[in-house]
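The lines below spell out each chain.
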Amino acid sequence: MSAIDNYIEKIDEVIANGKFKDTWESLSQYKIPDWYKENKFGLFVHWGCYSVPAVQSEWFPREMYQKGTPSWEWRVKNLGENGDYRTIVERFHPDKFNADEWAELFYKSGAKHIMPVSEHHDGIKMYRSELNRWNTYELTGHDYQAELHAAFEKKGLKFFCSNHRAEHLWFLNGALENVPGSEAHGEKYRDLYGPCMSMDHDNSRPGHEDGIEAPEYWLRDWLASACEMIDKNKPWGVYFDWWIYQSEFKPYIRKFLAYYYNRCDEWGISPVVFYKNGCMMQGTAVFDVERGQINGIARETWQCDTAIAKNSWGYTENNEFKSAYNCAANLIDVVSKNGCFMLNVGPKADGTVCDEEKEVLLKLGEWLSCCGEAIYGSEPFTVYGEGTEKDNKAFNDNLLYGLRDYRFTYKTGKIYVFPMSNKPRKEFTIKSLGYRNDGIRYDIRGIELLGHPDAKIKWTHDAKALKIKLSTPIKDDMPLCFKIKID
C-alpha cells in the first residue's frame, strides 16, 4: 500500500470517529470563530523557490516554459535552452532567513495572524513531508513552516497555511510542450514536475473551460497532501487557491473539511478555511475575494486577500509597490463591509523582506496603534459608507478614493468615520449620517480625531448630513478616523 493510500485510510478513520462527516449538511455545523472576526487583519507570505530568479512573478516555474515570456528569456539566458526548474530549486538556500525577525516585523505591522505559503503550484513543500521528497527539509535541512510557527506563537500571532497543490497537475506542462530536452519528459523527476497534464480541451467533461479534468489518482494525492500539511503544521487557518472549484474535487473537499475540523476539535482550536469561486458550500467555510472587493455589507464574514506589490505575489526585482495609505484604505473598505483583510508580503530568496514592504508594514502598524480601535473587534454600521460605487468582483483592487468617499465601522456607543481621501482639508460632509433615510438619530456626545488629540473640531448635525469642521487641515499621508460618541 502506498503512502497516499495509507493517508486516505487515516482520513476516513478520523471522519468516521469525528463530529464532522463529509457531507455539506454535517459541515454546515461549522461556525466562523469570533477570534477571526475580531482580528480583521492578517498577512499572507509568498516565499519559495520561485523567488530565486526574481523575475516576472511567483508563476515563474510555469512561465519559464512558456515561449515569449520574460521568464522564458531568463531561463534560456541563464540556464540554457533545456534548462529546468530543478536547477532553480537547488539554488534555494536562504542563508539570511531568520524566523524571529519575520515574527517581529509582522507583529509590528499590527497583523494578528500570518499565512505563509506551505506549497505553491510548483509542488515544493515548505515543511517536512513523508509524501514527497521535494520538500525544504530534504532540500535545505529546514522545515521553514515549523520554524515560523514557533516564532509566530512567541509573538502571539496565529499561524495559517496556504495550499496551491491542485494546480500542480498542469502547472509545468510547458516543459513537455515547448522544451524537448526537459527533464519533465522522463520519470526520474516526475515527483518534482508533476503530471504536466496538457490543456488540450479533449480530456474533460463540459464545463471544464481550461480543458483539464483531474484524475482520481491526483485527487487522492491532493487530499492526502492537504491533510498531511495540517497534521504537520496544526494551523488555525487554511487557504486554497481557485482550481479546486472543479466538480470532481467536491467529494475530496468535503473529506478535507471534515478531517480538518475534526482534527481541530482534537487540538482544541477553532479554525478557518478560505475558498473561492463556489468551491465550498456557503456556511461551511469563509468566502475569499482575491485582489478585489464587494459593493455592500456581507451577511457573513468574508475575506479579501491582496498584495503590497501590484504585479506579483512573490518577490521580483521589478515589483511595483502600493503605498501604506493604499493598503490601509483597502483594509478599511473591507472591514466596513464585514470583511477581514489579508495583505501579502513577498520576501527575497535569501530570506529577507525588501525595504519597500518593510516600510509599508511598519507604517501600517504605526497607524493601527492609534486607529486600531476602529478596526479590531469592530462591526459594520447600518451602511458601510458612501461615495462612488465600485464593481463587485475579484482582481479589481481599488486604489483611488475621492473627497466624497467615506467608510464607517461601529462599536457600541461609537461610530467611526474614515474619510478615504488623504488630501488635506478642513470640512467633511457625511450625508449618510444625516437624519434622513439610513442616517442616525442618536445624540452625538462628542467627536474626536484619533491620533490627533489636539485637533479642534466643530460639527453640525441635521436631516441632510453630519458636517465636521477642523480649525486647520490635518496633513497626514494615512487615512484619518473620526470617533463619534453617541447616546
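Note that residues are indexed from 1 along each chain, following the sequence as it is written. Confidence filtering applies because this is a predicted model: local features only for residues at pLDDT of at least 70, side-chain atom pairs given and counted only at 80 or more, and all residues used for totals across whole chains, interfaces and linings. Side-chain calculation: all heavy atoms of the structure are included, whereas hydrogens and water are not.

## Brief notes about the side chain of Asn 132
Summarising the element assignment, Asn 132 is placed in the loop between strand 2 (113–119) and helix 8 (136–140). Whenever a nitrogen or oxygen atom comes within 3.5 Å of another N or O atom, the pair is scored as a polar contact, on the condition that within protein one atom can donate a hydrogen and the other can accept it, and that pairs from neighbouring residues in sequence are kept only if both atoms are in side chains. Of note is the side chain of Asn 132, whose polar atom sits 3.2 Å from the backbone oxygen of Asp 191. Not counting the four nearest positions on each side in its chain, Asn 132 is found in contact with Lys 125, Arg 165 and Asp 191. A run of H or I in DSSP counts as a helix once it spans at least four residues, and a run of E counts as a strand once it spans at least two, with each numbered from the N terminus. The contact definition used throughout considers only heavy atoms, calling two residues in contact when any of these lie within 4.5 Å.

## Brief notes about the sheet that holds strand 14 (residues 457–461)
As summarised here, the arrangement of the three strands in space is 12-15-14, forming an open sheet in which the pairing is antiparallel. Edge positions in the sheet fall to strand 12 (427–430) and strand 14, since each of these pairs with one other strand and no more. Between one strand and the next, the sheet's axes are offset by a mean angle of 15°, whatever the strand orientation. With five bridges joining them, strand 14 and strand 15 (residues 466–470) adopt antiparallel strand pairing. If you follow Trp 459 over to strand 15, its bridge partner there is Ile 468. Here, strands pair whenever DSSP counts at least two bridges between them. All axes are obtained by fitting lines to C-alpha atoms, using only the stretch in contact for helices, and the reported angles, taken between N-to-C directions, cover 0 to 180 degrees.

## Examining the packing of helix 1 (residues 3–17) against helix 12 (residues 216–233)
Close contact between helix 1 and helix 12 brings their axes to 9 Å; oriented N to C, the two are set at 65°. By the criterion of interaxial angle, the relationship of helix 1 to helix 12 is roughly perpendicular. You can see that helix 1 and helix 12 cross each other, and the crossing is left-handed. Residues Ile 4, Asp 5, Tyr 7, Ile 8, Lys 10 and Ile 11 of helix 1 form the contact with helix 12, whose own contacting residues are Arg 220, Asp 221, Leu 223, Ala 224, Cys 227, Glu 228 and Asp 231. In this count, Pro and Cys sit with the nonpolar residues alongside Ala, Val, Leu, Ile, Met, Phe, Trp and Tyr, while Asp, Glu, Lys and Arg are called charged and the others, Gly among them, polar. Across the contact of helix 1 with helix 12, the residue classes tally to seven nonpolar, no polar and six charged. The scheme is simple: roughly parallel for angles under 35 degrees, roughly antiparallel for over 145, roughly perpendicular for 65 to 115, oblique for anything else. Each helix crossing is assigned a hand: it is left-handed if the near helix lies turned anticlockwise from the far helix by less than a right angle, otherwise right-handed if that turn is clockwise.

## Comments concerning the environment of Ile 32
Along the polypeptide, Ile 32 turns up in the loop between helix 2 (24–27) and helix 3 (34–39). Judged by its relative accessible area of 13%, Ile 32 falls in the buried class. Linking Ile 32 and Thr 284, residues 252 residues apart in sequence, is a C-alpha distance of 8.5 Å. Using a 1.4 Å probe on the protein chains alone, a residue whose accessible area is under 20% of its type maximum counts as buried, one over 50% counts as exposed, and one in between counts as partly exposed.

## Focus: unusual backbone geometry
Not every positive phi belongs to a glycine, and Lys 234 is a case in point at roughly 45°. Position of Lys 234 relative to the elements: it lies in the loop between helix 12 and strand 4 (237–240). Overall, Lys 234 belongs to the partly exposed group, its relative accessible area being 39%. You will see that Asn 338, though not glycine, has its phi angle at about 70°, which is positive.

Function cannot be inferred from these measures alone, as they are strictly geometric.
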